[in-house]
Amino acid sequence: MHLDKATTLTAEAWHNQADALQLEGRHFIDGDFTASRNGRVFEAVNPATGDVLGAVARGDGDDVDRAVASCRKAFRAGVWSRMAPRDRMNVLYRYAQLLEANADSFAVMDVLDVGKPIKDMLEADIPASVDCFQYFAETIDKIEGQVTSTAHDALHYILRQPLGVVGCIVPWNYPLMMAAWKIAPALAAGNTVVLKPAEQSPQSAGLMARLFVEAGGPPGVLNVVQGYGEEAGEALALHNDVDKIAFTGSVEVGKQMMIYSGRSNMKRVTTECGGKTPQIIMADYANLDRAVQYAVDGIFANQGEVCNAGSRLLVQSDIHDAFVERFEAHARAAYVPGDPLNPETTMGAMVNRDQQRRVLDYIEIGKREGATLRFGGGVPAGLEHGAYVQPTLFTGVDNDMRIAREEIFGPVGSVIPFKDVNDAVRIANDTIFGLAAGIWTDDLTAAHKMARDVEAGVIWVNCFDHGDMTQPWGGYKQSGFGRDKCFETMLHHTQTKSVWINLPD
Ligand code: NAD
């Protein structure tokens with residue numbers, strides 16, 4: 001799927017749409033927008049300008065209780081879980097069409113909330129979200145039970161049933177797409193859902209919920225509770241009537257999810273957490289320019305606010321200087337921070353001032369640790385009014401430095417030289433993370449060995465960030481467990497029931 005709005009609308013036209021947008025920051029429960037019971041709100045701020053966008057409901061345990069009760073009621077009534085598979089599929093197909101038809105609104109909402117370029121919304125986030133609902137709609141009548149081979153005097157079959165109420169807790173870096181990845185498999189499997197968007201990106205979640213009802217989804221099947229993680233998020237994850245938490249976010253909060261589960265009803269938990277992805281570039285790879293282009297996109301796309309950002313650039317020593325030179329030239333041309341509503345812009349603002357500060361602090365840490373700042377490192381001139389950071393590259397990085405060990409979640413790449421395949425694998429695996437890895441080589445044996453030995457859930461060979469909905473998305477080690485996208489994810493939202501029938505002769 002491809003939307004071409006970015007090439008047809010001007011920056012002025014997008015600004016007009018943004019000016020006309022009325023922020024809807026309330027919860028969506030039982031088919032309607034509703035304020036918090038406590039009446040409290042917080043301000044949403046556009047990180048590219050500092051302008052206040054409006055008020056967002058600051059949900060708490062009361063609002064979560066209402067949303068969960070509505071989901072439980074809808075689940076028990078069977079309005080969704082017992083709907084004929086074809087009918088459920090048709091609702092999700094119509095829903096996918098409505099998401100696409102509302103592409104402009106989604107694009108403007110996420111851009112205003114998090115400062116990402118509108119071009120990325122139209123070319124990546126929205127098509128990927130539409131694909132996601134279409135893919136999971138297609139899986140609905142592919143879920144099968146089983147009849148096992150057993151004794152003559154028994155019939156044993158296994159039913160696959162939905163879990164019940166699923167809480168989806170998502171981050172702000174791809175607000176629409178992360179919500180789609182979580183909601184689509186949960187709904188397709190017949191569950192009801194409470195979505196808790198990140199407090200930084202409330203807007204698209206409300207529109208998603210409203211359009212679901214417009215597509216024919218019964219009220220109460222998809223509810224949204226807005227608010228802070230430690231308030232609404234914690235209440236949802238601790239709720240005794242939630243059967244599963246599907247979480248995407250930081251390692252720290254991912255670990256909390258497991259504690260919440262243990263402290264409450266032992267609900268299922270899946271976690272998609274952070275990364276420190278290595279891009280391993282071998283000297284034998286003939287097309288260095290291609291590797292450079294992907295390496296640049298791998299760390300600077302979406303301002304580096306990407307779970308699988310290729311932040312550790314492992315470059316074989318023989319090509320180190322050529323790689324760095326070409327990387328700098330390409331990055332300077334391809335990533336110039338600017339107005340996210342301008343369709344020409346390739347790099348927007350950080351999500352907020354806190355994130356900008358955090359990234360700038362890591363740059364200072366890198367300098368103090370003795371890495372060489374090759375380019376970037378500060379706030380771009382003329383953009384001081386927003387939460388911007390220049391695309392930045394460090395060379396001379398040792399894998400023990402904090403900038404190589406911790407997730408910066410910003411446009412900061414680190415070049416780490418290596419000698420040979422074994423050295424590359426050793427460095428690649430010397431991390432708590434294991435989300436993804438890129439491998440660049442023309443040596444078939446080296447490629448397969450590294451694909452086998454690098455500890456990561458997603459491996460790309462001679463490409464980076466390629467894939468489609470069939471690709472299991474998730475990590476090894478502390479990048480989490482469970483998978484997004486793919487058929488396996490659908491199964492994570494079901495449980496099996498064994499039915500043993502006595503058949504005496
Ligand atoms: P975060 O962990 O701070 O927040 C994620 C979500 O959890 C938000 O909705 C937040 O409100 C909620 N939350 C925060 N504290 C909570 C608490 N105590 N209890 C319950 N909920 C709580 O992460 P973030 O800053 O929003 O997102 C960035 C992180 O997400 C990065 O680490 C990034 O790598 C990760 N991420 C991972 C993937 C993946 O697929 N593996 C994809 C995107 C982002």
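Bear in mind the structure is a predicted one, so any value in this text is a computation, not a measurement.

1. Comments concerning the pattern of salt bridges
For side chains of opposite charge, pairing can occur when their charged atoms come near one another.
In step 1: For the coordinates displayed, the defined rule picks out 23 salt bridges.
In step 2: A salt bridge links R66 to D63, with the shortest nitrogen-to-oxygen separation between them at 2.9 Å. A residue pair is termed a helical-turn pair when its members lie 3 or 4 positions apart in one helix, as R66 and D63 do in helix α3 (residues 61-77) at three residues. Of the two residues, R66 and D63, neither departs from the other in class, the shared state being buried.
In step 3: In this structure, E406 engages R402 in a salt bridge whose closest nitrogen and oxygen atoms are separated by 2.8 Å.
In step 4: Take R402: its relative accessible area is 39%, and that puts it in the partly exposed class.
In step 5: Bridged by salt links that share partners, the residues R72, D241 and D243 form one connected network.

2. A look at the domain arrangement of the protein chain
Many authors give the size of an interface as the accessible area that is lost as the parts come together.
In step 1: Taken as a whole, the protein chain is organised into domain 1 (2-19 + 28-273) and domain 2 (278-468).
In step 2: Relative to domain 2, the C-alpha centre of domain 1 lies at a distance of 30 Å.
In step 3: Each side of the interface is counted separately: domain 1 has 27 residues, and domain 2 has 26 residues.
In step 4: Taking both partners together, domain 1 and domain 2 bury about 2,100 Å²; carbon and sulfur atoms supply 62% of that area.

3. Some thoughts on the site of the ligand
In step 1: Around the ligand sit 29 residues, and of these V170, K196, E199, S250 and E407 come closest.
In step 2: Take Y260: an N or O atom from its side chain is 3.0 Å from a nitrogen atom of the ligand.
In step 3: In the environment of the ligand, an oxygen atom lies 3.0 Å from a nitrogen or oxygen atom belonging to the side chain of W473.
In step 4: For the ligand, whose unbound accessible area comes to 840 Å², protein coverage reaches 91%.
In step 5: For the shell around the ligand, the secondary structure elements donating two or more residues are α9 (229-237), β10 (244-248) and α10 (251-263).
In step 6: Among the elements that make up the shell around the ligand, the one with the highest residue count is α9 (four residues).
In step 7: In the shell around the ligand, the residues fall into 16 nonpolar, seven polar and six charged.

Thresholds applied
- Residues numbered from 1 in each chain as written.
- Predicted model: local features only at pLDDT ≥ 70, side-chain atom pairs only at ≥ 80, totals over all residues.
- Heavy atoms only, no water.
- Salt bridge = Lys/Arg side-chain N within 4 Å of Asp/Glu carboxyl O.
- Helix = DSSP H or I, 4+ residues; strand = E, 2+ residues; numbered from the N terminus.
- Buried < 20%, exposed > 50% of the residue type's maximum accessible area, 1.4 Å probe, protein only.
- Domains from an automatic or database assignment.
- Contact = heavy atoms within 4.5 Å.
- Buried area = accessible area lost by both parts, 1.4 Å probe.
- Near = heavy atom within 4 Å.
- Polar contact = N/O pair within 3.5 Å; in protein donor to acceptor, adjacent residues only side chain to side chain.
- Areas by Shrake-Rupley, 256 points an atom, 1.4 Å probe, with all protein chains shown as cover.
- Nonpolar A, V, L, I, M, F, W, Y, C, P; charged D, E, K, R; others polar.

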